[in-house]
Amino acid sequence: MLALLMHVAASAQVSFKEQMSRRLDVVMTDTLLQTTQVGIMVWDLTDDACIYAVGEKQLMRMASTMKLLTAITALDRLGFSYKYTTSLYYKGSIDKGVLQGDIICKGGMDPLFSQSDMKAFAQALKGKGIKSVKGRLITDSSMKEAEKWGEGWCWDDKNPILSPLLIEGKANFAVELVKEMRAVGIVTTGLRTVPAVLPKGAELVATCSHTIDEVLKDMMKDSDNLFAESTYYQIAASTGKKPASARDAQKVEYELLRKLGLNTARYRLADGSGLSLYNYLPVEAQIMLLRYAWQKQELYTHLLASLPISGKDGTLKNRMKGTVAEGKVQAKTGTVTGISALSGYLTAANGHRLCFCVINQGVHRAAEGRVFQDRICEVLCAP
């Protein structure tokens with residue numbers, strides 16, 4: 001009897017795989033593939049087996065699905081309670097409301113630092129009894145290398161500036177701090193802004209922090225490139241290198257990919273957001289990353305909470321609406337010139353949890369790739 005049950009179970013498993021393969025083979029006859037390239041892989045997480053793959057080892061540009069590698073590496077390396085922090089210090093003496101010394105801002109590349117946070121910093125200085133400053137405003141950006149843009153970014157894209165001192169995504173931290181200091185009555189006449197490293201003996205005035213979950217939500221749901229690059233440099237800084245570089249982050253990512261049994265000799269990593277023209281990975285690597293996250297359930301829980309949901313929110317809000325796949329796909333989109341991609345998780349009609357990656361390369365219109373990817377998801381979700 002046990003042998004019979006095992007045979008029936010195995011037959012059902014093969015039947016599901018064969019059924020998905022036949023359906024996907026039909027989608028693969030799309031005329032889009034006559035003039036473009038595709039890499040596709042689908043993995044049954046419930047059975048831990050590949051159920052479909054075409055071109056899965058080809059090197060392809062990942063576009064913003066590169067953020068999956070950044071997010072999974074960050075959660076794995078930094079932990080689930082990690083925080084992005086900006087700190088404010090002063091050094092010197094305060095005599096009758098006059099600070100004879102310096103104010104120091106130490107950047108941690110927090111992309112969520114806001115104008116209200118800056119107002120709180122100014123109030124904290126006022127709370128120390130500071131009414132005027134006879135010294136300097138020191139900006140400590142030593143957390144990362146000096147490069148303002150990523151390797152391989154196009155000059156005519158809307159690229160974020162990669163600064164450790166950010167306010168609402170902009171690199172005008174010192175200007176905004178001075179403005180808020182004046183707003184609370186602190187005299188800043190003659191205050192010079194200079195770049196330097198936090199001096200020893202400086203006294204902490206205030207800190208502002210945001211959690212990794214808060215950052216990942218905007219990074220993944222809205223595909224925010226600055227948030228991804230900020231996370232990339234948190235990974236780099238975790239190596240202890242100062243200033244941290246993109247190469248430091250890449251080393252950590254390569255280590256993780258090799259840990260998954262992948263041969264990274266042919267891979268090319270350049271940035272954390274997918275803006276770079278120099279990122280090249282196979283869809284197989286994306287699948288192994290998604291599988292790894294699934295196997296580490298706490299990591300999976302944090303990652304899943306950040307992903308767009310088909311027909312519901314983020315960059316998938318208007319996709320797969322009114323189809324069998326609505327609300328069942330949680331995935332990262334990716335779009336740059338010539339590339340359209342989708343990679344993530346979904347639930348099949350038989351209850352199995354699947355992960356998938358589809359990269360359309362050489363597409364003239366990104367919408368063509370999106371239609372193709374949505375069809376793949378609909379097939380996988382259909383009864």
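Think of each chain on its own: its residues are numbered from 1, step by step along the sequence as written. Thresholds applied to this predicted model are a pLDDT of at least 70 for local features of residues and 80 or more for the giving and counting of side-chain atom pairs; totals over whole chains, interfaces and linings are not thresholded and use all residues. For side-chain calculations, the full set of non-hydrogen atoms in the structure is used, while hydrogens and water are omitted.

Structural notes on the confidence of the model for the chain
Close inspection of predicted coordinates is inappropriate for parts of the model with low pLDDT.
Part 1 of the argument: What pLDDT reports is the predictor's confidence in each residue, on a scale of 0 through 100. In this model, the chain carries an average pLDDT of 94, and 96% of its residues clear a pLDDT of 70 or more.
Part 2 of the argument: A contact between two residues is defined here by any heavy atoms of the two lying within 4.5 Å. Taken together, the stretch residues 4-12 has pLDDT below 50 and engages in zero contacts with residues farther than four places along the chain or on a different chain.

Some details on the side chain of Q373
Part 1 of the argument: With respect to the helices and strands, Q373 occurs in helix α10 (residues 366-381).
Part 2 of the argument: Using a relative accessible area of 0% as the deciding quantity, one classes Q373 as buried.
Part 3 of the argument: In this structure, Q373 is in contact with R319, S340, A341, L342, V358 and N360, ignoring residues within four places of it in sequence. Helix numbers and strand numbers start at the N terminus; a helix is a DSSP run of H or I with at least 4 residues, a strand a run of E with at least 2. Remark: exposure states derive from per-residue accessible area (1.4 Å probe, protein chains only) relative to the maximum for the residue type, with buried under 20%, exposed over 50%, and partly exposed in between.

Let's talk about the nonpolar core
Part 1 of the argument: In this text, buried Ala, Val, Leu, Ile, Met, Phe, Trp, Tyr and Cys residues form a nonpolar core when linked through side-chain atoms within 4.5 Å. If you look at the biggest cluster of nonpolar residues, it comprises 65 residues, and the most contacted ones within it are I72, L257, L281, L303, Y345 and I359.
Part 2 of the argument: Membership of the second largest hydrophobic core comes to 30 residues, among which are M20, L316, M320 and C381.

With respect to the pairing of strand β11 (residues 353-361)
Part 1 of the argument: Along β11, nine of the nine residues are buried, which leaves the element largely enclosed by surrounding structure.
Part 2 of the argument: Sheet analysis places strand β1 (residues 37-44) next to β11, joined by eight bridges and oriented antiparallel. Among the inter-strand pairings, W43 is bridged to a residue of β11, identified as C355.
Part 3 of the argument: Strand pairing is assigned whenever DSSP identifies at least 2 bridges connecting the two strands. Here nine bridges tie strand β10 (residues 339-347) to β11, and the two strands are oriented antiparallel to one another. Note that in β11 the partner of G344 across the bridge is F356.
Part 4 of the argument: The loop that links β10 with its antiparallel partner β11 comprises five residues; one of these, G351, has a positive phi angle of about 90°.

A look at the environment of V283
Part 1 of the argument: Tracing the backbone shows V283 in helix α8 (residues 283-295).
Part 2 of the argument: Separated by 189 residues in sequence, V283 and I94 have C-alpha atoms that sit 59 Å apart.
Part 3 of the argument: For V283, the residues in contact, after removing those within four places along its chain, are G39, I40, M41, G55, E56, Q58, C357 and I359.

Structural notes on the packing of helix α2 (residues 66-78) against helix α5 (residues 212-221)
Part 1 of the argument: At their nearest, the axes of α2 and α5 sit 11 Å apart, and the two run at 175° to each other. The orientation of α2 with respect to α5, classified from their angle, is roughly antiparallel. When α2 is examined against α5, the residues K67, L68, T70, A71, A74, L75 and L78 are found in contact with a partner set consisting of I212, L216, M219 and M220.
Part 2 of the argument: In the scheme used here, Gly and all other residues not listed as nonpolar or charged are polar, with Ala, Val, Leu, Ile, Met, Phe, Trp, Tyr, Cys and Pro taken as nonpolar and Asp, Glu, Lys and Arg as charged. When the residues that make up the contact of α2 with α5 are grouped by side-chain class, the tally is nine nonpolar, one polar and one charged. In this analysis an axis means a line fitted to C-alpha atoms, helices contributing only their contacting stretch, and an angle means the value between N-to-C directions, from 0 to 180 degrees. We call two directions roughly parallel when the angle between them is under 35 degrees, roughly antiparallel when it is over 145, roughly perpendicular when it lies between 65 and 115, and oblique otherwise.

Details of the packing of α5 against helix α6 (residues 225-237)
Part 1 of the argument: It is at 8 Å that the axes of α5 and α6 come closest, and there the two elements cross at 135°. Accordingly, the angle class assigned to the pair α5 and α6 is oblique. As for the relative orientation of α5 and α6, their crossing is left-handed in sense. Of the residues in α6, those in contact with V215, D218 and M219 of α5 are F227, A228 and T231.
Part 2 of the argument: Broken down by class, the residue content of the contact of α5 with α6 amounts to four nonpolar, one polar and one charged. Left-handed describes a crossing in which the near helix is turned anticlockwise from the far one by less than a right angle; the clockwise case is right-handed.

A word on the packing of aromatic side chains
Part 1 of the argument: Each pair of aromatic rings taken from Phe, Tyr and Trp, with Trp reduced to its six-membered ring, is defined by centres within 6.5 Å and is described as stacked if the planes are under 30 degrees apart, edge-to-face if over 60, and tilted in the remaining cases. On inspection of all chains with the given rule, the structure shows six aromatic pairs.
Part 2 of the argument: A ring pair is formed by Y300 and Y345, whose centres lie 5.0 Å apart and whose planes are at 85°; its orientation type is edge-to-face. With a gap of 45 residues between them, Y300 in helix α9 (residues 297-306) and Y345 in strand β10 connect regions that are remote in the sequence. Residues Y300 and Y345 agree in their burial class; the two are buried.

Quick word on the pattern of salt bridges
Side chains bearing opposite charge may pair, as long as their charged atoms lie close to each other.
Part 1 of the argument: Any carboxyl oxygen of Asp or Glu that lies within 4 Å of a side-chain nitrogen of Lys or Arg is treated as forming a salt bridge with it. If you walk through the whole model with that rule in mind, you get 15 salt bridges.
Part 2 of the argument: Ionic pairing is found between D102 and R136, a salt bridge with its closest N-O pair at 2.8 Å. With D102 in strand β4 (residues 98-106) and R136 in strand β6 (residues 136-140), this residue pair connects regions lying 34 residues apart in the sequence.
Part 3 of the argument: For D102, a relative accessible area of 14% corresponds to the buried category.

A look at unusual backbone geometry
Part 1 of the argument: Residue P243 is reached from K242 by a cis peptide bond, and omega for that bond is 0°.
Part 2 of the argument: Mapped onto the elements, P243 comes out in the loop between α6 and α7 (246-259).
Part 3 of the argument: In this structure, E168 is a non-glycine residue whose phi angle is positive, near 50°.
Part 4 of the argument: Within the secondary structure, E168 sits in the loop between β6 and α4 (173-183).
Part 5 of the argument: The backbone of M320 shows a phi angle near 65°, a positive value even though the residue is not glycine.
Part 6 of the argument: Within the element layout of this structure, M320 appears in the loop between α9 and β9 (329-336).
Part 7 of the argument: Look at M320 and you get buried, because its relative accessible area is 4%.

Observations concerning the pairing of β9
Part 1 of the argument: Burial analysis of β9 places seven of its eight residues in the buried class, which makes it a mostly covered element.
Part 2 of the argument: What sits between β9 and β10 in their antiparallel hairpin is a turn of two residues, with G338 showing a positive phi close to 85°.

Things to note about the state of the cysteines
Part 1 of the argument: Only a pair of cysteine sulfur atoms within 2.5 Å counts as a disulfide in this structure description. Tallied over the entire structure, the rule returns zero disulfides.
Part 2 of the argument: C105 provides the cysteine sulfur closest to C208, a residue in no disulfide bond, and the two sulfurs are 12 Å apart.
Part 3 of the argument: Here C377 stays unpaired: no disulfide links it, and the sulfur of C381, its closest cysteine neighbor, is 6.4 Å away.
Part 4 of the argument: Judged by relative accessible area, C377 falls into the buried class, the value being 0%.

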